[in-house]
Amino acid sequence: MRSVDEHLAEVLQVVQPLAPLEVGLLDAHGCTLAEDVVAAMPLPGFDNSAMDGYAVRAADVTQAPTVLHVVGDVPAGPASPLRVQQGLCVRIMTGAMLPPGADTVVPVEHTDGGIAQVRIDQVPRPGQHVRRAGEDVQAGETVLANGSVLGAAQIGLAAAVGRARLFVRPKPRVVVLATGDELVEPGRPLLPGQIYDSNSVALTAACTEAGAQAYRVGIVQDDGRRLLDTLEDQLVRADLLVTSGGVSVGAYDVVKEVLSRLGTVGFHKVAMQPGMPQGFGVIGPDRTPVFGLPGNPVSALVSFEVFVRPALRRMLGAAQVHRPVVSAVAAETLRSPVGKRSYLRVRLEVRDGAYVVTPVSGPGSHLVAGLARANALAVLPEAVDEVAAGSPVQVMVLERRGS
Ligand code: AMP
Ligand code: MG
């Protein structure tokens, strides 16, 4: 038996960040930045109006009402050909460049809205409603740091400073397959003894949520030849492979049988619950990492959280590969076998300003309904057999969709 930490250490040592490449902005969405993005220009790029109104010289409007001559319009887009001289103003639209001479914008709401001349009904504060060049970003400033994850706001910022392409670590391509002669594609009729393949669906979605580009191959029969052929076919599009089922000691556990013969994949009893049998290693000419996860659905998804997700985050080049862990109070007594690290399905809530966890399921690795209700996993260390109600416990926050 090896510990969770030993197994995870091997995984994180074998799995490396993917090589960076340059992609278009929308393809960079969800990827990790592999460069510092330095603004070549300030933001705003020029002094401009924050309101629809009139660009004036504050010195001309020291009392209200004041009437000024309007010498023209400045829409957003072109540079203003007009100069605002004493006693004059221009009508200006939001985002339009402040014309030379003007220093202040009077919103249209504070005027009579005149076109040839305008009556200003409130004395403006000098400089009001002007967005200053560089007040958001200075030219030469690093706006996005190497290693940041690119969400909508981040790729928007890259666009705002004029970048069309970015160097990123690409999303790892993950191929997910489920092994088992008892498995049936959801939606098809079931014969007695058969079950639906839920693992490959859940694991593919989990890979996507972790930031990967995931492909679900679906069901492969418990047949060594077929499994090897499928793996070989899939290797061309995979940076990582995930299988479920067939890793324990049963007579039809082909994943273990076939992959251990390759000599590059190890199968271990890992001291954890759920999820004890774990396969991990590399296969193929590119030494593609492969995870052989146990078939029980809860074991498969918990193993994903503990081993596969950190590996995917590492491939992405993410600064933080682990889920956030918080300290919470156990609402009920939690139990764990001594010598194994337990991951208990719990509901994490805030009560009276403190985190509280309540178990949502028994320990059975087949209890998928409870897993769907859980939004966190309480982690009971190897040496702990019980956390009494009211005592603190460490909790891995899943923050996944639907939680
Ligand atoms: P195995 O690891 O293949 O021995 O499977 C362990 C348990 O998980 C058995 O009860 C299987 O029927 C179940 N199981 C295996 N694969 C899947 C799957 N893809 N979806 C749902 N349950 C599965
Ligand atoms: Mg099986």
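Whatever comes next refers back to the structure up there.
This is a predicted model, so every value here is computed, not measured.

Definitions and cut-offs
Residues numbered from 1 in each chain as written. Chains lettered and ligands numbered in written order. Predicted model: local features only at pLDDT ≥ 70, side-chain atom pairs only at ≥ 80, totals over all residues. Heavy atoms only, no water. Buried < 20%, exposed > 50% of the residue type's maximum accessible area, 1.4 Å probe, protein only. Axes fitted to C-alpha atoms, helices over the stretch in contact; angles between N-to-C directions. Helix = DSSP H or I, 4+ residues; strand = E, 2+ residues; numbered from the N terminus. Parallel < 35°, antiparallel > 145°, perpendicular 65-115°, else oblique. Left-handed = near helix turned anticlockwise from the far one by under 90°. Contact = heavy atoms within 4.5 Å. Nonpolar A, V, L, I, M, F, W, Y, C, P; charged D, E, K, R; others polar. Salt bridge = Lys/Arg side-chain N within 4 Å of Asp/Glu carboxyl O. Arc of directions from axis to C-beta. Pairing = 2+ DSSP bridges.

**What about unusual backbone geometry?**
Residues Leu 43 and Pro 44 are joined by a peptide bond in cis, for which omega reads -15°. With a phi angle near 50°, Arg 287 is a residue other than glycine that sits in the positive phi range. Its relative accessible area of 55% is what places Arg 287 among the exposed residues.

**Regarding the packing of helix 4 (residues 199-209) against helix 7 (residues 297-316)**
Contact geometry of helix 4 with helix 7 gives a least axis separation of 10 Å together with a crossing angle of 25°. It follows from the interaxial angle that helix 4 and helix 7 lie roughly parallel. As helix 4 runs across helix 7, the sense of the crossing is right-handed. On the side of helix 4, the interface is formed by Asn 199, Ala 202, Leu 203, Ala 206 and Cys 207, while helix 7 contributes Pro 297, Ala 300, Leu 301, Phe 304 and Leu 312. Partitioned by chemical class, the residues of the contact of helix 4 with helix 7 number nine nonpolar, one polar and no charged.

**Structural notes on the pattern of salt bridges**
Tallying each qualifying case throughout the model produces 16 salt bridges. When the shortest N-O distance is used, the salt bridge between Arg 163 and Glu 35 registers 2.7 Å. Here the residue Arg 163 occupies a position in the loop between helix 3 (152-160) and strand 12 (165-169), and Glu 35 occupies one in the loop between strand 2 (32-33) and strand 3 (37-38), the gap between them amounting to 128 residues. For Arg 163, a relative accessible area of 23% gives the class partly exposed. Here Asp 197 ties to Arg 216 by a salt bridge, and the two come within 3.1 Å at their closest N and O atoms. Within this pair, whereas Asp 197 is found in the loop between strand 15 (195-196) and helix 4, its partner Arg 216 is found in strand 16 (residues 213-220), the two being separated by 19 residues in sequence.

**Notes on helix 1 (residues 4-14)**
Listing the buried residues of helix 1 in full gives Val 4, His 7, Leu 8, Val 11 and Leu 12. Along the axis of helix 1, the buried residues cluster in a sector spanning 130°; they form a single face. Check the buried side of helix 1 and you find it contacts strand 18 (265-269), strand 19 (272-273), strand 20 (277-283), strand 21 (288-293), helix 7 and strand 24 (341-351).

**Focus on the pairing of strand 21**
The buried count for strand 21 comes to six of six residues, which makes it a mostly enclosed element. Going residue by residue along strand 21, you find Thr 288, Val 290 and Gly 292 tucked away on one face and Pro 289, Phe 291 and Leu 293 tucked away on the opposite face as well. Both strand 17 (residues 240-244) and strand 21 contribute to a ladder of four bridges, which runs parallel. Among the inter-strand pairings, Leu 241 is bridged to a residue of strand 21, identified as Val 290. Relative to strand 21, strand 20 runs antiparallel, the two sharing five bridges. Along strand 21, the bridge assignment pairs Gly 281 with Val 290. Taking the residues that link successive antiparallel strands as the turn, the strand 20-strand 21 hairpin has four residues, and the phi of Gly 284 there is positive, at about 80°.

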